[in-house]
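This is what each chain is made of:
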Amino acid sequence: MMTQNALRHADKCRFCWMCRHLCPVQLVTGKELNTPRAKGLLLSMNARGTAEFDPDMAAAMYECLLCDACTNDCATGYQPPLFIREARTEAVVNGAAPETVMKLIGSIEATGSIYGAPKPSFAQEGSEVLVYIGEAAACRAPAMARSLLALLAKAGVSARVLEDEPASGAMLADLEGYTEDVRRQAAACAGALNAAGLPTVVVLDSYDAEIIKQHYAEWGCGIGAEVVTATAFAARLLADGRLPAKPANGIKAACHDDDRLARSLYELEPVRALAKAAGYELCEMFNHGRLAKSCGTALALEYMPDITARVAAARWDDLARTGAKVLLTASPQAYLCLGQAVPEGCELVDLFEALL
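Reading the values: rules and limits
- Residues numbered from 1 in each chain as written.
- Predicted model: local features only at pLDDT ≥ 70, side-chain atom pairs only at ≥ 80, totals over all residues.
- Heavy atoms only, no water.
- Helix = DSSP H or I, 4+ residues; strand = E, 2+ residues; numbered from the N terminus.
- Pairing = 2+ DSSP bridges.
- Expected span 1.5 Å × (residues − 1).
- Buried < 20%, exposed > 50% of the residue type's maximum accessible area, 1.4 Å probe, protein only.
- Phe/Tyr/Trp six-rings, centres within 6.5 Å; stacked < 30°, edge-to-face > 60°.
- Disulfide = S-S within 2.5 Å.
- Axes fitted to C-alpha atoms, helices over the stretch in contact; angles between N-to-C directions.
- 1 Å grid on protein atoms, 1.4 Å probe; cavity = no way out; pocket = protein on both sides within 12 Å on 5 of 7 lines; lining within 4 Å.
- Points joined across faces, edges and corners; volume = space filled by probe spheres on them.
- Nonpolar A, V, L, I, M, F, W, Y, C, P; charged D, E, K, R; others polar.
- Salt bridge = Lys/Arg side-chain N within 4 Å of Asp/Glu carboxyl O.
- Core = buried A, V, L, I, M, F, W, Y, C linked by side-chain atoms within 4.5 Å.
- Contact = heavy atoms within 4.5 Å.

S.K.: Would you mind showing me how to read unusual backbone geometry here?
M.R.: For residues other than glycine, phi is negative in most cases, and the peptide bonds are mostly trans. For Asp-68, which is not glycine, the phi dihedral falls at a positive 75°. Its location among the elements puts Asp-68 in the loop between helix H4 (55–62) and helix H5 (69–73). Its identity as a non-glycine residue notwithstanding, Tyr-266 has a phi of 55°, on the positive side. With respect to the secondary-structure elements, Tyr-266 resides in the loop between helix H14 (259–264) and helix H15 (269–277).

Here is the structure:
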């Protein structure tokens, strides 16, 4: 049963087309079904008993990246991801979720990871900060994780990584909404982070940072340490002179602002500080900052790879309009998605590696 608050948002969104041009999925599929309005209309009809919540309706709720571009642009304050998340809870509870989604949930239950195997360990001892690597980086973008750890070592930061790093709950929350299972994952993760007893937790993946910073406390499992994104922490090291800036390389490049970093955490400047310190001449894509178009997520890459690859290709089209050939990111999930569609003659750069 969806909450009245979620249904109120769905009811309002069903009348409005104003954010359809911002939906990255709708832009590549051309399907009205992929607009926030259509999803609101479907759920409103179901609530009124004029449409069944069947597998087709459930599938529509998963053809969404939860990128929050619609919410960011809404002049009246409505939030489509609010009712889309609750609809996903309904889909899972009622057995209507797509088979690909249920397979990922089964993998989490069996192994703790959507990838069907435990996270590789990056364990190391340290006394200054605790680094949280995250599932996407550990399993699919380990080079970025190693680059971050090497960069911290270069700056003289004594960094610890847990041997058995627990899931943050971010992946499961995007699959089935904010369920009790997600809260249990969050509590276990918070317990492990707090038990480390270090004053700062540096989080590599913005998806993990968002759930840790914005949801753990409201679920009663807050983190006692300062929680900071890896990009913000690296920018702090630059400002403190613990990392040297490289000379200008004369290469024109643009930064990709990932969804949770830009629209949930409102963090835009640190990644640009890193890019400039790596020597790049920055330009901006037309959609950047809080208006940046999504390039997809590591989770969506697993259950709807074709659509995600097309969304990523569209982001490269945005880069082409600037005349630049280099796209910069410090997000493991963005790196994975953008890497699916690198055009000939272009380069995708991991900013942590570039700073090394």
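S.K.: Help me understand the sheet that holds strand S4 (residues 226–229) in this model?
M.R.: Read from one edge to the other, the open sheet built from four strands follows the order S2-S1-S3-S4, with strand pairing classed as parallel. Where the open sheet ends on each side, the last strands, each with one partner, are strand S2 (159–160) and S4. Where strand S1 (residues 129–132) meets S2, two bridges bridge the pair, whose relative direction is parallel. Paired with Val-129 across the bridge in S2 is Ala-159.

S.K.: Would you explain helix H6 (residues 80–93) in this entry?
M.R.: Since the α-helix advances by 3.6 residues per turn, residues separated by three or four positions end up pointing in the same direction. Helix length check: H6 (14 residues) gives 20 Å between terminal C-alpha atoms against 20 Å at 1.5 Å per residue, within 8%. Judged by how many residues are buried, H6 sits mostly within the fold: 10 of 14 residues are covered. Taken as a whole, H6 has its buried residues at Pro-80, Pro-81, Phe-83, Ile-84, Arg-85, Ala-87, Arg-88, Glu-90, Ala-91 and Val-92. Just downstream of H6, Gly-95 is the residue with a positive phi angle, here 70°.

S.K.: Quick question: what am I supposed to make of the packing of aromatic side chains here?
M.R.: Two descriptors summarise a pair of aromatic rings, namely the distance from one centre to the other and the angle between the planes of the rings. Overall, the coordinates contain two aromatic pairs when judged by the stated rule. A ring pair is formed by Tyr-62 and Tyr-303, whose centres lie 6.0 Å apart and whose planes are at 90°; its orientation type is edge-to-face. Remark: Tyr-303 occurs in helix H16 (residues 298–303) and Tyr-62 occurs in helix H4; sequence separation between them is 241 residues. Using a relative accessible area of 10% as the deciding quantity, one classes Tyr-303 as buried.

S.K.: What should I look at first to understand the state of the cysteines in this one?
M.R.: In a disulfide, the sulfur atoms of two cysteines are covalently bonded to one another. Taken as a whole and assessed by the stated rule, the structure comprises zero disulfides. You can see Cys-64 has no disulfide; the closest cysteine sulfur is in Cys-23, sitting 6.6 Å from it. Its sulfur unpaired, Cys-139 is 14 Å from the next cysteine sulfur, which belongs to Cys-189.

S.K.: Looking at this structure, I do not really get the sheet that holds strand S8 (residues 347–350). What am I missing?
M.R.: Across a sheet, strands are paired by hydrogen bonds formed along the backbone, either parallel or antiparallel in direction. The four strands lie next to each other as S6-S5-S7-S8, forming an open sheet whose pairing is parallel. Looking along the sheet, the strands with just one partner apiece sit at the ends: strand S6 (281–283) and S8. Taken pair by pair, the neighbouring strands of this sheet meet at an average axis angle of 40°, ignoring direction. The pairing of strand S5 (residues 252–255) with strand S7 (residues 326–329) spans three bridges and is classified as parallel. Its bridge partner lying in S7, Ala-253 is registered against Val-326.

S.K.: Looking at this model, I keep getting lost on the pairing of S4. Mind explaining?
M.R.: In regular strands, side chains alternate between the two faces of the sheet. As paired strands, strand S3 (residues 200–203) and S4 are joined by four bridges and run parallel to one another. The partner of Thr-200 across the bridge, within S4, is Glu-226.

S.K.: Explain the layout of surface pockets to me, please; I cannot follow it from the model alone.
M.R.: Empty space among the atoms becomes visible once a probe the size of a water molecule is rolled across them. Roughly 510 Å³ of internal volume is contained in the largest pocket. Lining the largest pocket are 24 residues; nearest its centre among them are Pro-81, Leu-82, Arg-85, Tyr-178 and His-215. Mapped onto the lining of the largest pocket, the elements with two or more residues apiece are H6, helix H12 (206–214) and H14. For the lining of the largest pocket, the leading source of residues is H6, giving six residues. Among the residues forming the lining of the largest pocket, the class breakdown is eight nonpolar, eight polar and eight charged.

S.K.: Would you explain the pattern of salt bridges in this entry?
M.R.: Side-chain pairs of opposite charge can arise where the charged atoms are in close proximity. Considering all chains together, one arrives at 18 salt bridges under this definition. The shortest N-O distance in the salt bridge between Arg-236 and Glu-226 comes to 2.9 Å. With a gap of 10 residues between them, Arg-236 in helix H13 (residues 230–239) and Glu-226 in strand S4 connect regions that are remote in the sequence. For Glu-226, a relative accessible area of 36% gives the class partly exposed.

S.K.: Help me out: how do you make sense of the nonpolar core in this one?
M.R.: Inside soluble globular proteins, nonpolar side chains tend to come together where they are buried. Ranked by size, the top nonpolar core spans 81 residues in total, and within it Leu-43, Leu-193, Val-201, Tyr-216 and Ile-223 carry the most contacts. A total of six residues in this core trace back to one element, the largest contributor, which is helix H11 (residues 180–196). Ignoring any residue separated from it by four or fewer positions in sequence, one finds Val-201 in contact with Leu-130, Tyr-132, Leu-193, Ile-223, Ala-225, Glu-226, Val-227 and Val-228.

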